[in-house]
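Spelled out, the chains give:
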Amino acid sequence: MRIPFIAGNWKMNKTMAEARLFARDIKEMYLDTDVRAAIFAPYTQLLVLKEALKNTGIALGAQNVHYEMSGAYTGEISIPMLSELGVDYCLIGHSERRQYFGETDQTVNLKMKALLDSEIKPLVCVGEDLGQRESGQALALVEKQVRAAFDGIAAEKAVRATIAYEPIWAIGTGRTATPEQANEMCACIRGVLSSLYDEETADEIIIQYGGSVTPENATQIMNMEEIDGALVGGASLDPVKFMQIVDF
Ligand code: 13P
């Protein structure tokens, strides 16, 4: 039984003061739900949110991490640093990091391995761009990204990871993939996991859809058989919208 998982990715948004306000508003919205939820915040908001989100049931995620535990990597953050803050999850391979900051399938794999050796659970993002979708390469490209991310990872560790399918053409554009397109890709990803491991392992791994998810389209997306959750960008900045999505 896969428990639905709604994650908010704040990207490079909100100050500490704004993060406190968000948490205060969230606390006023009581939700009786079994859905798992997390906020992936910029580094400077993590400590604030750890405290401010106490008793809300909302877990805490970082947006990136280095795969080495320490060393001469100016500007980077390590797993022990995030662990000390009580971070539960970490995003890896978001398309914006692949596009603008040189993240590759290889560094994604190194980060997966490092995180799976720690207490922090990885949430790995995959997805094609518009050109790849229109030229019919989307399935092959996403399969390659999934295979690379899980390369050399044993099944008992792999089940701790979450995958987010985020087609680049649907991110921040207001143009969502149709629920059928998203479902088809999530089914394809589960098939890849099944061939890498076995059906039981593949059935355990949470697969989210991300790309212009809003309170208006969340129910339809979450009702799809192969979609277990959502990775929400823009709409997660608003506490009311985020909680509406959590309460899909
Ligand atoms: P939007 O929901 O703003 O399209 O962003 C999606 C995303 O990239 C989440 O990681």
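Structure first, text after, so check above.
Residues numbered from 1 in each chain as written. Predicted model: local features only at pLDDT ≥ 70, side-chain atom pairs only at ≥ 80, totals over all residues. Heavy atoms only, no water.

Asker: Residues and numbers for the nonpolar core, please.
Answerer: Among the nonpolar cores identified, the biggest contains 70 residues, and Met 112, Phe 150, Ile 189, Leu 193 and Phe 242 are the most heavily contacted of them. Here this core takes 6 residues from helix 9 (residues 179-196), the largest share from any one element. Phe 5, Tyr 89, Leu 91 and Ala 164 belong to the second largest nonpolar core, which has 12 residues in total. (Core = buried A, V, L, I, M, F, W, Y, C linked by side-chain atoms within 4.5 Å. Buried < 20%, exposed > 50% of the residue type's maximum accessible area, 1.4 Å probe, protein only. Helix = DSSP H or I, 4+ residues; strand = E, 2+ residues; numbered from the N terminus.)

Asker: Outline helix 9, listing residues and values.
Answerer: In this model, helix 9 (18 residues) spans 26 Å end to end at C-alpha, consistent with the 26 Å of a helix rising 1.5 Å per residue. Those residues of helix 9 that sit buried are Pro 179, Ala 182, Asn 183, Met 185, Cys 186, Ile 189, Arg 190, Val 192 and Leu 193. (Expected span 1.5 Å × (residues − 1).)

Asker: An account of the packing of aromatic side chains is requested, with residue identities and associated values reported.
Answerer: Applying the stated criterion across every chain, the model contains 7 aromatic pairs. Clustering of aromatic rings is evident, with ring pairs tying together Phe 5, Phe 40 and Tyr 89. Sitting over the ring of Trp 10, Lys 14 keeps its end group 5.2 Å from the ring centre. (Phe/Tyr/Trp six-rings, centres within 6.5 Å; stacked < 30°, edge-to-face > 60°. Lys NZ or Arg CZ within 6 Å of the ring centre and 35° of its normal.)

Asker: Give me the site of the ligand: which residues, what numbers.
Answerer: In the neighbourhood of the ligand, the contacting residues comprise Asn 9, Lys 11, His 94, Glu 166, Ala 170, Ile 171, Gly 172, Gly 211, Ser 212, Leu 231, Gly 233 and Gly 234. Asn 9 has a polar side-chain atom sitting 3.0 Å from an oxygen atom of the ligand. For the shell around the ligand, the per-class residue count stands at 3 nonpolar, 7 polar and 2 charged. (Near = heavy atom within 4 Å. Polar contact = N/O pair within 3.5 Å; in protein donor to acceptor, adjacent residues only side chain to side chain. Nonpolar A, V, L, I, M, F, W, Y, C, P; charged D, E, K, R; others polar.)

Asker: Help me get a handle on the pattern of salt bridges, residues and values and all.
Answerer: Tallied over the entire structure, the rule returns 13 salt bridges. Residues Asp 105 and Lys 144 are paired through a salt bridge, measuring 3.3 Å at the closest nitrogen-oxygen approach. Here the residue Asp 105 occupies a position in helix 5 (residues 105-116), and Lys 144 occupies one in helix 7 (residues 138-149), the gap between them amounting to 39 residues. Salt bridges linked by common partners bring Arg 2, Arg 190, Glu 226 and Asp 228 together as one network. (Salt bridge = Lys/Arg side-chain N within 4 Å of Asp/Glu carboxyl O.)

Asker: How would you explain helix 1 (residues 16-27) if you had to name every residue and give the values?
Answerer: Counted at 1.5 Å a residue, the expected span for helix 1 with its 12 residues is 16 Å, and the 17 Å between its end C-alpha atoms agrees. Ala 19, Phe 22, Ala 23 and Ile 26 are the residues of helix 1 that are buried. Buried residues of helix 1, viewed axially, fall in a sector of 95°; they line one side. Residues of helix 1 that are buried make contact with strand 2 (36-40), helix 2 (43-52), strand 3 (58-62) and helix 12 (239-246). (Arc of directions from axis to C-beta. Contact = heavy atoms within 4.5 Å.)

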